[in-house]
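# Examination of the molecular architecture
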Amino acid sequence: MTTKNIVFSLALLCALGFFIYSVRRLILFLNVGKPDNRFDNPWARLKKTLVVAIAQSKILREPVAGLMHALIFWGFIVLLSAVLESLGEGLLHEFSFRFLGGMYEPLAFMQDLFAGLVTVSVLVALYRRYIVRPKRLEVEGHGQLDATLILVMILLIMVSMLGQNATRMILDGDVSSSGRFLSAVVRPLFVSSDQSTVNIWFEIFWWTHVAVVLAFLNYLPYSKHLHVLTSIPNVYFSASKPR
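Reading guide: rules and limits
Residues numbered from 1 in each chain as written. Predicted model: local features only at pLDDT ≥ 70, side-chain atom pairs only at ≥ 80, totals over all residues. Heavy atoms only, no water. Helix = DSSP H or I, 4+ residues; strand = E, 2+ residues; numbered from the N terminus. Buried < 20%, exposed > 50% of the residue type's maximum accessible area, 1.4 Å probe, protein only. Contact = heavy atoms within 4.5 Å. Lys, Arg positive; Asp, Glu negative; His and termini not counted. Charge placed at Lys NZ, Arg CZ, Asp CG, Glu CD. 1 Å grid on protein atoms, 1.4 Å probe; cavity = no way out; pocket = protein on both sides within 12 Å on 5 of 7 lines; lining within 4 Å. Points joined across faces, edges and corners; volume = space filled by probe spheres on them. Nonpolar A, V, L, I, M, F, W, Y, C, P; charged D, E, K, R; others polar. Axes fitted to C-alpha atoms, helices over the stretch in contact; angles between N-to-C directions. Parallel < 35°, antiparallel > 145°, perpendicular 65-115°, else oblique. Phe/Tyr/Trp six-rings, centres within 6.5 Å; stacked < 30°, edge-to-face > 60°. Patch = residues over 30% accessible without salt bridge, like charges linked within 9 Å, V, L, I, M, F, W, Y side chains within 5 Å. Areas by Shrake-Rupley, 256 points an atom, 1.4 Å probe, with all protein chains shown as cover. Salt bridge = Lys/Arg side-chain N within 4 Å of Asp/Glu carboxyl O. Core = buried A, V, L, I, M, F, W, Y, C linked by side-chain atoms within 4.5 Å. pLDDT = per-residue confidence, 0-100. Left-handed = near helix turned anticlockwise from the far one by under 90°.

### What to know about the overall build of the chain
What the chain contains, in helices and strands, is eight helices and zero strands. Ordered by position in the sequence, the α and β elements of the chain form the string α-α-α-α-α-α-α-α. Dimensions of the chain, computed from the C-alpha atoms along their principal axes, are close to 65 × 45 × 40 Å. Taking all 243 residues of the chain together, the buried fraction comes to 39%. Intrachain contacts of the chain at a sequence separation of at least 6 include 71% that bridge at least 24 residues. Put simply, the chain has 22 plus and 15 minus side-chain charges, and the middle of one group is 16 Å from the middle of the other.

Laid out in structure tokens, this is it:
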């Protein structure tokens, strides 16, 4: 285990500890309410979750904003694998999902694809919020700051992931894209640098990626964007009785 692994393990332990504290705090708030059975009709609840939460059927009613939000949500699901791979690398030196064999390249392709789609969606969201400013986005103060912070953190996660992959390709001597077509586009920015400089860039991108991911995870329980974490269980446990 390297010094990097030890430092990261301690940081991860602290981050997860604070996240568990925050989740426990939210659960205590929920326990104030009256008890209600939300475990009935599991198949009906699962179907509703797949249609509303996963397929984003309701939010897609609004073409532009709906698609933008849906792409970010689907990106979170797909890119969870990339986050887990980076966290695994922080715990175990040279950890990789390459043990998946033939499944790894399609996975890497999907990661890059959604990194690009999420990046474009975030930029569109910022453009709408600060330039177009539709009426429902005309908010000031904490609401505006909160939304901007969330979008900037998502953007940083995407950019740092692509930078991390691009520099790793150089360090590994990977001349092919191995499915990472978007990272391959970023790769030429660093290919002329010497090995030690590329390694420094890799470490900057990697630490930025994992640090922002952990900061994002711990900020969400205190943000109005908590639904990023709770949307799926919220839909599954929603009231099934007629209003």
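### Digging into empty space enclosed by the protein
Remark: the empty space left among the atoms is shown by a probe the size of a water molecule rolled over them. Evaluated as defined, the whole model comprises one cavity of 30 Å³ or more. Per-element accounting of the lining of the largest cavity gives the leading share, three residues, to helix 5 (residues 141-171). In terms of residue class, the lining of the largest cavity is made up of two nonpolar, three polar and five charged.

### Comments concerning the packing of helix 1 (residues 3-30) against helix 3 (residues 63-91)
At a minimum axis separation of 7 Å, helix 1 and helix 3 run at an interaxial angle of 120 degrees. Classified by the interaxial angle, the pair formed by helix 1 and helix 3 is oblique. Residues Lys-4, Asn-5, Phe-8, Ser-9 and Leu-12 of helix 1 form the contact with helix 3, whose participating residues are Leu-87, Glu-89, Gly-90 and Leu-91. The class makeup of the residues in the contact of helix 1 with helix 3 is four nonpolar, three polar and two charged.

### Some remarks on the packing of aromatic side chains
Under the definition given, this model contains 14 aromatic pairs. With a centroid separation of 5.3 Å and 65 degrees between ring planes, the pair formed by Phe-8 and Trp-206 is classed as edge-to-face. With a gap of 198 residues between them, Phe-8 in helix 1 and Trp-206 in helix 7 (residues 195-219) connect regions that are remote in the sequence. Between Tyr-236 and Phe-237 the ring centres are 5.0 Å apart and the planes differ by 85 degrees, which places this aromatic pair in the edge-to-face class. Residue Phe-237 is classed as partly exposed on the basis of its relative accessible area of 30%. Taken together through their ring pairs, the aromatic side chains of Phe-8, Trp-206 and Trp-207 make up a single cluster.

### Remarks on a positive patch on the surface
Side chains of Lys-48, Lys-58, Arg-61 and Arg-243 sit close together on the surface and give a patch of like positive charge. Within the secondary structure, Arg-243 is located in the segment after helix 8 (227-236).

### Remarks on the environment of Tyr-219
Positionally, Tyr-219 belongs in helix 7. With 70 residues separating them in the primary sequence, Tyr-219 and Leu-149 have C-alpha atoms 9.8 Å apart. When residues no more than four places from it in sequence are discounted, the contact partners of Tyr-219 are Asp-146, Leu-149, Ile-150 and Met-153.

### Points about the nonpolar core
Counting 33 residues, the largest nonpolar core has Phe-8, Leu-79, Val-118, Val-122, Ile-154 and Phe-216 as its most contacted members. Leave out the neighbours within four places in its chain, and Phe-8 touches Leu-87, Gly-90, Leu-91, Trp-206, Trp-207, Val-210 and Leu-214.

### As for a nonpolar patch on the surface
Taken together, the side chains of Trp-43, Leu-46, Leu-50 and Val-51 present a nonpolar region at the surface, about 430 Å² in accessible area. Structurally, Leu-46 is set in helix 2 (residues 42-54).

### Regarding the confidence of the model for the chain
Where the model shows low pLDDT, its predicted coordinates should not be examined in detail. Confidence in the prediction of the chain, expressed as mean pLDDT, is 88, and 97% of residues score 70 or more. Within the chain, the lowest mean pLDDT, 88, falls on helix 8, and the highest, 95, falls on helix 7.

### Some details on the side chain of Gln-56
Mapped onto the fold, Gln-56 is located in the loop between helix 2 and helix 3. The contacts of Gln-56, once residues within four sequence positions are left out, are Val-51, His-69, Ala-70, Phe-73 and Trp-74.

### Comments concerning the packing of helix 2 against helix 8
At a minimum axis separation of 8 Å, helix 2 and helix 8 run at an interaxial angle of 140 degrees. The crossing of helix 2 and helix 8 is right-handed. Every residue of helix 8 that contacts helix 2 at Pro-42, Arg-45, Leu-46, Lys-48, Thr-49, Val-52, Ala-53 and Ile-54 is listed here: Ser-231, Ile-232, Val-235 and Tyr-236. When grouped by side-chain class, the residues that make up the contact of helix 2 with helix 8 number eight nonpolar, two polar and two charged.

### Some points on the pattern of salt bridges
In the structure shown here, the tally under the stated rule is six salt bridges. Linking Asp-112 and Arg-180 is a salt bridge whose minimum nitrogen-to-oxygen distance equals 3.8 Å. Of this pair, Asp-112 sits in helix 4 (residues 104-132) while Arg-180 sits in the loop between helix 5 and helix 6 (181-186); the two residues are 68 residues apart in sequence, bridging distant segments of the chain. Look at Asp-112 and you get buried, because its relative accessible area is 0%. Overall, the relative accessible area of 6% leaves Arg-180 in the buried class. Among the charged side chains, a network of salt bridges with common partners joins Glu-85, Asp-112 and Arg-180.

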